[in-house]
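# Topology and contacts: notes
This is what each chain is made of:
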Amino acid sequence: MAGVTTADHATKSQLGARIQDAERRRRLRWRLAFVAVWMVILAGLVAFVLGTIKLDTVFLTKSVPFILAGVPITIFVSFASITLAIVLAMLGALGRLSRNPIANGIASFYVSFFRGTPLLLQILFLYLALPQAGIVIDALPTGILALGFNYGAYMTEIFRAGIQAVPPGQTEAAHSLGMGGRTTFRRIVLPQAFRIVTPAIGNDFIAMLKDSSLVSTIGVQEILYRAQVIGRPTFQSMQTLIVAAMVYWIMTILFSILQSRLERRMAVGDRARPS
Amino acid sequence: MTTIAPGRPAHVIDPAEVPGSLVPTGAKPIVRASSIEKFFGDNHVLRGCSMTVYPRETITILGRSGSGKSTFLRCLNYLEAPSAGAVDIDGVEVDAAPMRRRARAERERIRRLRLSATMVFQEFNLFPHLSVIGNLIEAPVHVKGMSKAAASELGERYLAKVGLSDKRDEYPNRLSGGQRQRVAIARALTMEPKVLLFDEPTSALDPSLVGEVLKVMEELAHEGRTMIVVTHEMQFAREAADRVYYIDQGQFVEIGPPEQVIEHPRDERTRSFLSRFLGSAHVHQGAGGAPVVHMPERMVESHHHEDPGEEHPHAEDAHVTHADGHHGHAHDAEGDHPHP
């Protein structure tokens, strides 16, 4: 009836290493399969495109720079619109949380109306319908206004939820320390609410990058507008639209990486010693 | 018999509510809560609770969960708005006004009331987005308008007092529960309030961390800070409190020094509550259903610990009547009120 021998111990410590090794190999296999799936789908698409059209390199060298020139415009429209949306959402959320029936009424009407009608209709309305009332705005500001107001309505609800997600104990602690309503909101609730909604703002910005293509309908020369303009006359829309799609896709991936970096940095204050 | 008159209720000092030995004779009360009532919907949570606290006293409120003890404490600095009654802390008086929205000036008065009575919460409620020192200087800087340097110095002093100087730049999420609560106490102290309110400060803590928080609280009590503590820590109540209020179903049913309320409870409800903690129930018949008031020792001529039945001849006469379930004032049979 001997106990555990030293030989047993040796095999057992080896067992741990062997399990670790097997797990590592399993993870590697999974990752390889995952990448392979992507490659197969991409190759299939490329094959389909090349089988359908003749690759016109002369046209591409002309059209790609033309489409790429829309990138700064797309980014500008997106940034301007998201900024406007954040301001509106802030006001909207304050209104929705207000005990004042007038403020609350205005804010909820705004949210209901802009969420209840299509974004494309709102863009066209500002651009095509308002001139009938004698209000004429340029295409670029029109696009920014429409996108900003529409996203602001959605973000109002996000901001409201973010503010409400700050535990009531925080407000109580602030009040108990003699802070008034305004100081409490500005110093205690808002910074925490902002942290809560940061990922949502990032997601909305990435969605905005793509929804900004809707302003191509009113002639803002962003990516999609340019892709259509250069592709249509020569019936080469497949090439130009694919280029535009690639540009949007790459932009989305880049901003997603940026977003997760930003979030990680913001979370630092929560958990670790500030460096 | 005091009834709840519309408007400001008269504040009646129970004969039991005379200050403990720390308080100089003739001292004015610093907290006066008069006939506090609280309804949550049609749930009548507080039924005419009055309390008088003198400077440097430590008061402990005991009671079962759901008895209204936390609600009463929260009414004291209007985190919970009373449905009726009035609170006066250090000369700032606020009446209950459940029916209307308060005007700006009145809300400002509530804010000033809170400046004199800072709460320490069960769940700490530290500000997670601020470092420890950030938590401590937030209110001094943004409420009192202190400079950051002066506030930091103040904050560091109180941080040292709770023994956490080395956590100055840490964030709350990195601290243990006991450390968090000590930071919360230091944060309350930086506002230098007249009264510290503690709402079950150790109930959310791991049992092994309770001691460090109680130690800080005991130190504060012994250095003469005015404190009102809602707690289940019988040991703290016995050793640090000058007076104990026992609350049952929204009424204070027994008030007095801890050695009397805790060790010789007279009220049936107090006895059955305390028997859980003390192991043996005191089997002596008190004043039936009427609230019991213990006279402080120096008021009682003949004091016999040996015979609990005959212990406080005055107290029997000085019971508080709650005939209609509302606030009543005490009949002081001898008329030897210590603070006329």
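Rules of the game
Residues numbered from 1 in each chain as written. Chains lettered and ligands numbered in written order. Predicted model: local features only at pLDDT ≥ 70, side-chain atom pairs only at ≥ 80, totals over all residues. Heavy atoms only, no water. Helix = DSSP H or I, 4+ residues; strand = E, 2+ residues; numbered from the N terminus. Buried < 20%, exposed > 50% of the residue type's maximum accessible area, 1.4 Å probe, protein only. Contact = heavy atoms within 4.5 Å. Areas by Shrake-Rupley, 256 points an atom, 1.4 Å probe, with all protein chains shown as cover. Patch = residues over 30% accessible without salt bridge, like charges linked within 9 Å, V, L, I, M, F, W, Y side chains within 5 Å. Salt bridge = Lys/Arg side-chain N within 4 Å of Asp/Glu carboxyl O. Lys, Arg positive; Asp, Glu negative; His and termini not counted. Charge placed at Lys NZ, Arg CZ, Asp CG, Glu CD. Domains from an automatic or database assignment. Expected span 1.5 Å × (residues − 1). Arc of directions from axis to C-beta. Polar contact = N/O pair within 3.5 Å; in protein donor to acceptor, adjacent residues only side chain to side chain. Core = buried A, V, L, I, M, F, W, Y, C linked by side-chain atoms within 4.5 Å. Phe/Tyr/Trp six-rings, centres within 6.5 Å; stacked < 30°, edge-to-face > 60°. Lys NZ or Arg CZ within 6 Å of the ring centre and 35° of its normal. Pairing = 2+ DSSP bridges. Axes fitted to C-alpha atoms, helices over the stretch in contact; angles between N-to-C directions. Parallel < 35°, antiparallel > 145°, perpendicular 65-115°, else oblique. Left-handed = near helix turned anticlockwise from the far one by under 90°. Nonpolar A, V, L, I, M, F, W, Y, C, P; charged D, E, K, R; others polar.

### Comments concerning the overall build of chain B
The secondary structure content of chain B amounts to ten helices and eleven strands. A total of 340 residues make up chain B; the buried ones form 58% of that total. Restricting to contacts in chain B with at least 6 residues of sequence separation, those with at least 24 account for 66%. For chain B, the accessible area works out to roughly 13,600 Å², and carbon and sulfur atoms hold 48% of it.

### A short note on a positive patch on the surface
There is a patch of like positive charges on the surface, built from Arg99(A), Arg182(A), Arg101(B), Arg104(B) and Arg107(B). Secondary-structure assignment places Arg99(A) in the loop between α3 (71-97) and α4 (101-116).

### Examining the domain arrangement of chain A
Each domain of chain A was delimited in the assignment, giving domain 1 (1-52) and domain 2 (57-270). The gap between the C-alpha centroids of domain 1 of chain A and domain 2 of chain A is 41 Å.

### What about the pattern of salt bridges?
Inspection of the entire model under this criterion finds 25 salt bridges over all chains. One salt bridge in this structure joins Glu157(A) and Arg160(A), with 3.1 Å as the shortest N-O distance. With Glu157(A) and Arg160(A) both in helix α6 (residues 139-165) and three residues apart, this pair spans about one turn of that helix. Glu157(A) sits in the buried class, given a relative accessible area of 18%. Overall, Arg160(A) belongs to the partly exposed group, its relative accessible area being 22%. Between Lys194(B) and Asp90(B) there is a salt bridge, with its nearest N and O atoms 3.2 Å apart. Placement of Lys194(B) in the loop between α5 (177-190) and β7 (195-199) and of Asp90(B) in the loop between β4 (84-89) and β5 (92-95) is noted, with a sequence separation of 104 residues between them. Overall, the relative accessible area of 41% leaves Lys194(B) in the partly exposed class. What makes Asp90(B) partly exposed here is its relative accessible area of 36%.

### Quick look at α4(A)
Residues and elements named next belong to chain A. Counted at 1.5 Å a residue, the expected span for α4 with its 16 residues is 22 Å, and the 21 Å between its end C-alpha atoms agrees. Looking at α4, one finds that the buried residues are Asn 104, Ala 107, Tyr 110, Val 111 and Phe 114. Summarising the axial view, the buried residues of α4 lie within an arc of 130°, below the 170-degree limit, and thus occupy one face. Counted as exposed and oriented over 90 degrees from the buried face of α4: Pro 101, Ile 102, Ile 106, Phe 109 and Gly 116. Tucked inside the fold, the buried residues of α4 contact α3, α5 (119-129) and α6. A side-chain oxygen of the first residue of α4 lies 2.8 Å from the backbone nitrogen of Ile 102; this N-cap is Asn 100.

### What about the nonpolar core?
Grouped together as the largest cluster of nonpolar side chains are 43 residues, with contacts concentrated most on Met51(B), Ile61(B), Phe72(B), Leu76(B), Ile228(B) and Phe252(B). Tallying contributions element by element places strand β2 (residues 43-53) of chain B first for this core, with five residues. Beyond its immediate chain neighbours, meaning those up to four positions away, Leu76(B) contacts Val31(B), Ala33(B), Val87(B), Ile89(B), Leu113(B), Leu197(B) and Ile228(B). Counting residues in hydrophobic clusters, the runner-up holds 42 residues, among them Ala139(A), Met155(A), Val166(A) and Val243(A).

### Considering the packing of aromatic side chains
Enumeration over the complete set of coordinates arrives at twelve aromatic pairs over all chains. Relative to Phe113(A), the ring of Phe109(A) has its centre 6.4 Å away and its plane inclined at 0°; by these criteria the two rings are stacked. Here Phe109(A) and its partner Phe113(A) are both found in helix α4, four residues apart, which amounts to about one turn of the helix. Judged by its relative accessible area of 60%, Phe109(A) is exposed. A relative accessible area of 42% places Phe113(A) in the partly exposed class. Three or more aromatic residues joined by ring pairs make a cluster, and in this case those are Phe109(A), Tyr110(A), Phe113(A), Phe114(A) and Phe149(A). The ring of Tyr158(B) carries the charged tip of Arg157(B) above its face, separated from the ring centre by 5.7 Å.

### Points about the environment of Gly134(B)
Residue and element names in this part refer to chain B. In this structure, Gly 134 sits in helix α3 (residues 132-142). In this structure Gly 134 comes out as buried when scored by relative accessible area, which is 12%. For the pair formed by Gly 134 and Glu 170, sequence separation is 36 residues and the distance between their alpha carbons is 9.6 Å.

### Considerations on the sheet that holds β4(B)
Residue and element names in this part refer to chain B. With antiparallel pairing, four strands are arranged side by side in an open sheet as β2-β1-β4-β5. Each edge of the open sheet carries a strand with a single partner, namely β2 and β5. Averaged over neighbouring strand pairs, the angle between their axes works out to 15° when direction is ignored. As paired elements, β4 and β5 share four bridges and run antiparallel to each other. The residue of β5 that forms the bridge with Ile 89 is Val 92. On top of the sheet, helix α1 (residues 69-76) reaches β1 (31-40), β2 and β4; it is set at about 120° to β1, its chief contact. Each of β4 and β5 is contacted by helix α2 (residues 104-116), which is oriented at about 125° to β5, the strand it contacts most.

### Details of the packing of helix α2 (residues 57-68) of chain A against helix α9 (residues 223-231) of chain A
All names here are of chain A. Two elements in contact, α2 and α9, have axes separated by 9 Å at closest approach and are oriented at 150°. Accordingly, the angle class assigned to the pair α2 and α9 is roughly antiparallel. The handedness of the crossing between α2 and α9 comes out as right-handed. Facing Phe 59, Lys 62, Ser 63, Phe 66 and Ile 67 of α2, the residues of α9 in contact are Ile 223, Arg 226, Ala 227, Val 229 and Ile 230. Here the contact of α2 with α9 is composed, by residue class, of seven nonpolar, one polar and two charged.

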